[in-house]
Amino acid sequence: MIGLISATAAGTAARDRLAAAWPDRTRVYEGPVGDAVRAAFAECEQLVCFLATGAVVRLLAPLLGDKTTDPGVVCVDEGGRFAVSLVGGHGGGANELALEVGELLEARPVVTTATDATGVAGLDTLGLPVEGAVAAVSRALLDGEPVVLDTEVSWPLPPLPVAVEGSHVIRVTDRAVRPAEHEVLLRPPSLVVGVGASKGAPVEELLGLIEDALRDAGLSVRSLAELATVDAKSDEPGIVEAARRLGVPLVTHSAEELAEVEVPNPSDAPLAAVGTPSVAEAAALAGGGELLVPKRKSARADGHASMATCAVVRRPARGRLAVVGLGPGARDLLTPRAKAELRRASVLVGLDQYVDQIRDLLRPGTRILESGLGAEEERARTAVAEARRGQAVALIGSGDAGVYAMASPALAEASDDIDVIGVPGVTAALAAGAILGAPLGHDHVSISLSDLHTPWEVIERRVRAAAEADLVVTFYNPRSRGRDWQLPKALAILAGHREPRTPVGVVRNASRPDESSRLTTLAALDPATVDMMTVVTVGNTATRDIAGRMVTPRGYRWQEAAS
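Values in this document were obtained by computation on a predicted structure and should not be read as measured data. (Residues numbered from 1 in each chain as written. Predicted model: local features only at pLDDT ≥ 70, side-chain atom pairs only at ≥ 80, totals over all residues. Heavy atoms only, no water.)

Peer 1: Explain the packing of aromatic side chains to me, and be specific about the residues and the numbers.
Peer 2: Evaluation of the coordinates by the stated rule reveals 2 aromatic pairs. Aromatic side chains Tyr404 and Tyr476 sit 4.7 Å apart centroid to centroid with 50° between the ring planes, which places their arrangement in the tilted category. Taken together, the residues span a long stretch of sequence, with Tyr404 in the loop between β19 (392-397) and α15 (407-413) and Tyr476 in strand β23 (residues 472-476) at a distance of 72 residues. When the ring of Trp456 is compared with that of Trp485, the centres are 5.0 Å apart and the planes differ by 70°; the resulting orientation is edge-to-face. Of this pair, Trp456 sits in helix α17 (residues 456-468) while Trp485 sits in the loop between β23 and α18 (486-495), placing them 29 residues apart in sequence. On the basis of relative accessibility, which here comes to 42%, the residue Trp485 falls in the partly exposed class. When the ring centre of Trp22 is taken as reference, the NZ or CZ atom of Arg25 above it lies at 4.3 Å. (Phe/Tyr/Trp six-rings, centres within 6.5 Å; stacked < 30°, edge-to-face > 60°. Helix = DSSP H or I, 4+ residues; strand = E, 2+ residues; numbered from the N terminus. Buried < 20%, exposed > 50% of the residue type's maximum accessible area, 1.4 Å probe, protein only. Lys NZ or Arg CZ within 6 Å of the ring centre and 35° of its normal.)

Peer 1: Can you tell me about helix α12 (residues 336-344), naming the residues and giving the values?
Peer 2: Every buried residue of α12 is listed here: Ala338, Glu341 and Leu342. Angularly, the buried residues of α12 cover 100° about the axis, an arc narrow enough to put them on a single face. Exposed and oriented more than 90 degrees from the buried face of α12 are Pro336 and Arg337. Buried residues in α12 make contact with β16 (320-325), β17 (347-351), α13 (352-358), β19 and β20 (419-423). (Arc of directions from axis to C-beta. Contact = heavy atoms within 4.5 Å.)

Peer 1: Any details on the side chain of Glu341? Residues and values, ideally.
Peer 2: Assignment of secondary structure puts Glu341 in helix α12. A relative accessible area of 9% places Glu341 in the buried class. With residues near it in sequence (within four places) discarded, Glu341 still touches Arg320, Ala322, Val324, Ala394, Ile421 and Val423.

Peer 1: Got a sec to walk through the sheet that holds strand β15 (residues 308-314)? Specific residues and values, please.
Peer 2: Sheet strands pair via backbone hydrogen bonds, and the direction of the pair is either parallel or antiparallel. Ordered in space as β13-β12-β11-β15-β14, the 5 strands form an open sheet in which the pairing is mixed. Since the sheet does not close on itself, it has two edges, and those belong to β13 (250-253) and β14 (290-297), each with one partner. Averaged over all adjacent pairs, the angle separating strand axes in this sheet is 25°, with direction ignored. In this fold helix α7 (residues 203-216) packs onto β11 (191-197), β12 (224-230), β14 and β15, with an angle of close to 35° to the strand it touches most, β15. Contacting β11, β12 and β13, helix α8 (residues 237-246) crosses the sheet at an angle of about 175° to β12. (Pairing = 2+ DSSP bridges. Axes fitted to C-alpha atoms, helices over the stretch in contact; angles between N-to-C directions.)

Peer 1: Describe the packing of α17 against α18, and please don't skip the residues or the numbers.
Peer 2: Relative to each other, α17 and α18 sit at 30°, their axes nearing to 9 Å. With respect to each other, α17 and α18 are oriented roughly parallel. Crossing of α17 against α18: the hand is right-handed. Contacts between α17 and α18 involve Trp456, Glu460, Val463, Arg464 and Ala467 from the former and Gln486, Lys489, Ala490, Ile493 and Leu494 from the latter. A breakdown of the residues in the contact of α17 with α18 according to their chemical character gives 6 nonpolar, 1 polar and 3 charged. (Parallel < 35°, antiparallel > 145°, perpendicular 65-115°, else oblique. Left-handed = near helix turned anticlockwise from the far one by under 90°. Nonpolar A, V, L, I, M, F, W, Y, C, P; charged D, E, K, R; others polar.)

Structure, rendered in structure tokens:
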């Protein structure tokens, strides 16, 4: 919850805007400012104070404890010009909150945390448990001193400016080791513990078994990703409570699925009880990986029979491939999610001209793999191969990556051994439509006239179908130097089903500095004025030119009224 505190009429007006925008995230604190700040500090994860920073500093000073537990605090000035991350920039999320508040209130976010200011990924912002000399190693990164990245366990991390040799070390490990003097340990969620239990098994017995197994194998409980078991034990109280106390999800598998997993220590007892010869080992191995601790039973001090078993697996590292749509070209049409993925990626793969558009958004140390036109499949293969090496990869394309762009070849190349994240973008058709008016107000279709990947006979059949169905048609890749007859042919097909006065919108370089657009008709359009940077939108029989704007009504009532 975000506590909101204000003292003046202007501050209250801004506070109320925030409260209205985030009704489920915020709580307004009324009354004397000092009392409000103290109450919000104790009750909320974050605070936004519409007060002077000096006043907030004095109020917060006696309340501050530890940066890992204090709430994040953002100050907004009386004029609503700045949103200042004051306390808890990383641990309390104040830096991100300042960006959100700034965007909502049209204020400039002010973030002074060194790593954020320089673009270096903060070691405490990577989403992994972190131990050791975080401040010293972060300072070394900022000062340009050599820092070594030691990846005992491969994990997709953001770019870090690291060296081959150096006195400071970032170690990615799931082993139970203590950090050295100038070392930071990052704990990836690489371990899966499979558990089996008799009915009524005490949670203490389960927890003791799991902790002993990890300790004896030299593994850190902070790298535990999940507990896994058979479906029949999904509501076993001891197992459910063990997962809760360990702070990890409980993942279950059917007995049939577990029976198919090859294990070193099958048994008749679980086969008779739940229908699979292995629960602990099979559940741990269900997602693949290396068996580090074979099945072991709990030991009970009272001499009674063991009620629990467990096994530990290091699951295979999964790379991360984000397929990112950059939009039509304008920076303000690049989505916040796309920006976040670009900054998260340690490897960027893309067409050289698209890389140039967003190069300034990348973190220092990002490895860039760029190539020229016509290498789409090669870029897709490269991106997938880098992800399979455990990297965090961004594969970029214009518009929406799933529309005539890189998502299709990348997903055709990828298998289920990597995580794939699609990041939508504003398509050329949508950008052009917004410039023209509302041509896509009813059913519409996009058709590429390039026959490099699709035979012309197929393209022509699709154009005829769209013409007969009275769909608004947006043509991508309408005309190039080597393909100058396809657009006239497609327009002729549409002209067989639509009036010569049918509105046609032509937009070149939509949203870019040299953008141009015009509204013409099906009869008047000169194909020679169109090139590969152009999108051509042909209206249906209901589309109208209204005050110089191309409008397709949501229904056909206008057409009926005009007839």
